[in-house]
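Here's the letter readout for the chains.
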Amino acid sequence: MGPALQLRSNQMVASYASLAGSAEFKHIHEEKGVFPVPTGTNIEKCPHASKALAAARMAEDLTKVAEVKKTRGTRATASSSSPKAASGCPFHAAAQESKGKEVPQATGFNYESFYMTELEKKHQDASYRYFNNINRMASKFPIAHTGNPKDEVEVWCANDYLGMGNNPVVLETMHRTLDTYGHGAGGTRNIAGNTGMHLSLEEELAELHRKPAALVFSSCYVANDATLATLGSKLPGCIYFSDSMNHASMIQGMRHSGAKRVIFNHNDLQDLEHKLAQYPKETPKIIAFESVYSMCGSIGPIAEICDLAKKYGALTFLDEVHAVGLYGPRGAGVAEHLDFEAQKRAGRNPDPIKGSIMDRIDIITGTLGKAYGAIGGYIAGSSDFVDMIRSYAAGFIFTTSLPPANMAGARASISYQKEFLGDRRLMQINVRELKSRFEALDVPVVPGPSHIVPVLIGDPALARQASDLLLAKHNVYVQAINYPTVARGEERLRFTVTPGHTIDQIARLAHAVDQTFTELKIKRTSEWRVEGGRANVGMPNAKPVEPIWTDEQLGLVDGTAPKVLRGSQKRPVDARAVRITREKFNDLLGPVVEPVVKTVQVNMPGLAYPADTLHAPIQVAVTA
């Protein structure tokens, strides 16, 4: 890794404080999950120093309620306790110097103390979030550099699942759009921000899901929040039935609607039906759930929920955020995947396949920021439904539209993936390979049929230590997942495998995780089994979970499966998908003109140099 990382590096904004070799405070850092001891220059990030300051400030606030004399005495006591708590800390002198200065009496609420107290709660329960400086490199995917461009790491937790953020036809399209239309959108969709790129992207999305209409938002968080808030507030007496593991964006949208929310156990059809049956069929109801649950890798029982929705008169709201681009013959998600052959035969026909699972879903939401490597979110459904949300949802109406170049890149990505199955297949083959290696090493993978590879740690401090150690010692970047994203005691590392990872990188990762588990004494699958299991790891009488992608769908049966990458091999770029994608932009950008290299003669005998045009299209190397 090199010294530039400095064990999570000064470049990582929310890093930790240096203890300058103090054994006593090294122990404190380790106890709080700050391990190995990092470096930095900000007292607010030092757990013990910030605790001392927070305690002192809180003591001051409490005593201000009492008489002034008592306040002064208590403040002196609190101040004198700070050196004991922070003794030996490199920030101690600076902190005490500022404490010694005369501070004007506060006349109102101490907001800064409130912020500090709230942050301290996060440090105390080890749920404070640390943000790494990770810069993914387009020419070296899946390699990134840290704050120092010379320090490179392998990225194992990005949501750019297919590496479309650096696909050459996507980048080419974005460059052309940028040169044609500039950067920003210029306003809201209603005021100067409704471009041809936005409209054509929405048509592409509607065709992807075989729905009459689609609407693009600035993110899928906003799409879920705005749509659910609008529906719940407009439908009279609406009741939401929400899976207990739904994403925060869906929960917030339902809360913002003011409608009643009934929570059913995760993927529990019996519990859902029991709760649906308690209300009249004519009462407006919406069942909100996901296809792929991103922290555990489970898949929702979509067809069965559609059956219940029909029986009890409910709408279905399906979040396909972690599935679009990754499942189905054209990448439309799990709902498409469940009718794989029928959807494959339908090809580019935009009309719905009557009776198919995707057709039975009323509302589909998805993202452009994960498998498609772009930014934004969307909804798809009936024309009147989409128009109602467009007309009433504040999250759509009162925000600046996304830039045309981003919309063009997203559309190019969707178009390419519609035409090329190879990336999805190779990703799933790599997922199987990593899960198999982890299982052989007794590494506790939370079982699931999807592409998500969650490794159970079971302790917040250990999860942070494991993440730190993998980065510092093995050049592996994977983020720890702690509460509230997952339940307490179910902390984990969440690995995401891409088609760009080579078999050599997968082997090195498995070895690094195995070493880290041994070094930090993290429980393995066999140990969880002895304890009765946790988070579906090591459960008694557990049955194997079959992946949703079958051997036939992956091409393993007929020999059409893509080959895993080795060494410095790069993924192929499909020539047919590139051609079809380029043609879709002819109306707005014109046909792609391959760059011509000119030789310019200058006034120096025997010297000539090539002068390519500055913004010539990127040359796309493709395979048939």
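Residues numbered from 1 in each chain as written. Predicted model: local features only at pLDDT ≥ 70, side-chain atom pairs only at ≥ 80, totals over all residues. Heavy atoms only, no water.

If you check an unreviewed UniProt entry, the chain appears there as 5-aminolevulinate synthase from Postia placenta MAD-698-R-SB12. Among the UniProt annotations of the chain, the heading Catalytic activity (unreviewed entry) holds the following wording: "succinyl-CoA + glycine + H(+) = 5-aminolevulinate + CO2 + CoA". (UniProt positions renumbered as here; feature names shortened; annotations may be inferred.)

## What to know about unusual backbone geometry
The residue after phenylalanine 141, namely proline 142, is reached through a cis peptide bond having omega 5°. Note on placement: proline 142 falls in the loop between β1 (135–136) and β2 (143–145). Looking along the chain, the bond that leaves tyrosine 483 and enters proline 484 is cis, with omega of 10°. With respect to the element layout, proline 484 can be found in the loop between β13 (480–481) and β14 (492–495). Residues other than glycine seldom take positive phi values, yet alanine 192 does so here, at roughly 70°. As for its position among the elements, alanine 192 is in the loop between α6 (168–181) and α7 (196–208). Looking at alanine 192, the relative accessible area reads 62%, which means it is exposed. (Helix = DSSP H or I, 4+ residues; strand = E, 2+ residues; numbered from the N terminus. Buried < 20%, exposed > 50% of the residue type's maximum accessible area, 1.4 Å probe, protein only.)

## Topic: the side chain of arginine 524
By the secondary structure assignment, arginine 524 is in the loop between α20 (503–520) and α21 (525–530). At a separation of 2.8 Å, a polar atom in the side chain of arginine 524 contacts the side chain of threonine 518. Excluding anything up to four places from it in sequence, arginine 524 contacts Leu441, Asp442, Val443, Pro444, Asp514, Phe517 and Thr518. (Polar contact = N/O pair within 3.5 Å; in protein donor to acceptor, adjacent residues only side chain to side chain. Contact = heavy atoms within 4.5 Å.)

## A look at the packing of aromatic side chains
In this structure the tally under the stated criterion is 9 aromatic pairs. Aromatic pair tyrosine 128 and tyrosine 130: ring centres 4.9 Å apart, planes at 70°, arrangement edge-to-face. You'll find tyrosine 128 and tyrosine 130 in the same group, each marked buried. Ring plane angle 70° and centroid distance 5.7 Å describe the contact between phenylalanine 217 and phenylalanine 396, whose orientation is recorded as edge-to-face. Residue phenylalanine 217 is found in strand β4 (residues 213–217), and its partner phenylalanine 396 is found in helix α16 (residues 394–397); the two are separated by 179 residues along the sequence. For the pair formed by phenylalanine 217 and phenylalanine 396, the shared burial category is buried. Among the aromatic residues, those joined into a cluster by ring pairs are Phe109, Tyr111, Phe114 and Tyr115. (Phe/Tyr/Trp six-rings, centres within 6.5 Å; stacked < 30°, edge-to-face > 60°.)

## Structural notes on the sheet that holds strand β6 (residues 260–264)
Read from one edge to the other, the open sheet built from 7 strands follows the order β4-β10-β9-β8-β7-β5-β6, with strand pairing classed as mixed. Two strands close off the open sheet at either side, each with one partner strand: β4 and β6. Between one strand axis and the next, the sheet turns by 20° as a mean value, whatever way the strands run. Seen against the sheet, helix α10 (residues 269–276) touches β5 (239–243), β6 and β7 (285–290) and runs at an angle of roughly 150° to β6. (Pairing = 2+ DSSP bridges. Axes fitted to C-alpha atoms, helices over the stretch in contact; angles between N-to-C directions.)

## Observations concerning the pairing of strand β11 (residues 453–456)
Each regular strand carries side chains that alternate between the two faces of the sheet. Side chains Val453 and Val455 project from β11 onto one buried face, and the interleaved Pro454 and Leu456 project onto a second face that is buried too. One ladder, built from 4 bridges, connects β11 with β14; its direction is antiparallel. Within β14, the residue paired with proline 454 across the bridge is arginine 494.

## Things to note about the nonpolar core
Formed by 108 residues in total, the largest nonpolar core has its most connected members in Ile287, Leu368, Phe438 and Phe495. With 7 residues, the top contributor of residues to this core is α20. Residue contributions to this core reach at least three from each of two domains, namely domain 1 (168–420) and domain 2 (422–554). If we skip the residues at most four places from it in the chain, isoleucine 287 touches Phe241, Phe264, Leu272, Leu276, Ile305, Ala309, Ala314, Leu315, Thr316 and Phe317. By size, the runner-up hydrophobic cluster in this structure holds 24 residues, among which are Cys220, Ile363, Ile379 and Ala393. (Core = buried A, V, L, I, M, F, W, Y, C linked by side-chain atoms within 4.5 Å. Domains from an automatic or database assignment.)

## So, the layout of surface pockets
The calculated volume of the largest pocket comes to roughly 1,200 Å³. What lines the largest pocket is a set of 40 residues, among which Met245, His247, Ser294, Met295 and Thr485 lie closest to the centre. No other element matches helix α9 (residues 248–257), which puts 5 residues into the lining of the largest pocket. For the lining of the largest pocket, the domains that each give at least three residues are domain 1 (168–420) and domain 2 (422–554). Along the wall of the second largest pocket there are 29 residues; nearest its centre are Glu439, Val445, Pro447, Pro544 and Val545. Put simply, the parts of the chain that give the lining of the second largest pocket at least two residues each are α18 (422–440) and α21. Per-element tally for the lining of the second largest pocket: the top contributor is α18, with 6 residues. Looking at the lining of the second largest pocket residue by residue, the class counts come to 15 nonpolar, 7 polar and 7 charged. (1 Å grid on protein atoms, 1.4 Å probe; cavity = no way out; pocket = protein on both sides within 12 Å on 5 of 7 lines; lining within 4 Å. Points joined across faces, edges and corners; volume = space filled by probe spheres on them. Nonpolar A, V, L, I, M, F, W, Y, C, P; charged D, E, K, R; others polar.)

## Overview of the environment of arginine 330
With respect to the helices, strands and loops of the structure, arginine 330 is situated in the loop between β8 (314–319) and α12 (334–337). Between the C-alpha atom of arginine 330 and that of glycine 347, which follows or precedes it by 17 residues, the distance is 8.1 Å. Apart from the residues within four sequence positions on either side, arginine 330 is in contact with Glu207, Leu208, Arg210, Glu336, Gly347, Met358, Gln417, Lys418 and Arg424.

## Some thoughts on empty space enclosed by the protein
A full pass over the atoms with the stated rule returns 4 cavities of 30 Å³ or more. Estimated volume of the largest cavity: approximately 100 Å³. Together, Arg189, His198, Val216, Phe217, Ser218, Gly395, Phe396, Thr399, Thr400, Ser401, Leu402 and Met407 line the largest cavity. Secondary-structure elements contributing two or more residues to the lining of the largest cavity are β4 and α16. Looking at the lining of the largest cavity, its residues break down into 5 nonpolar, 6 polar and 1 charged. In this structure, the second largest cavity spans a volume of roughly 60 Å³. Contributing to the lining of the second largest cavity are Arg136, Phe141, Pro142, Ile143, Val155, Trp156, Cys157, Ala158, Asp160, Thr496, Thr498 and His501. Of the residues that constitute the lining of the second largest cavity, the class distribution is 7 nonpolar, 3 polar and 2 charged.

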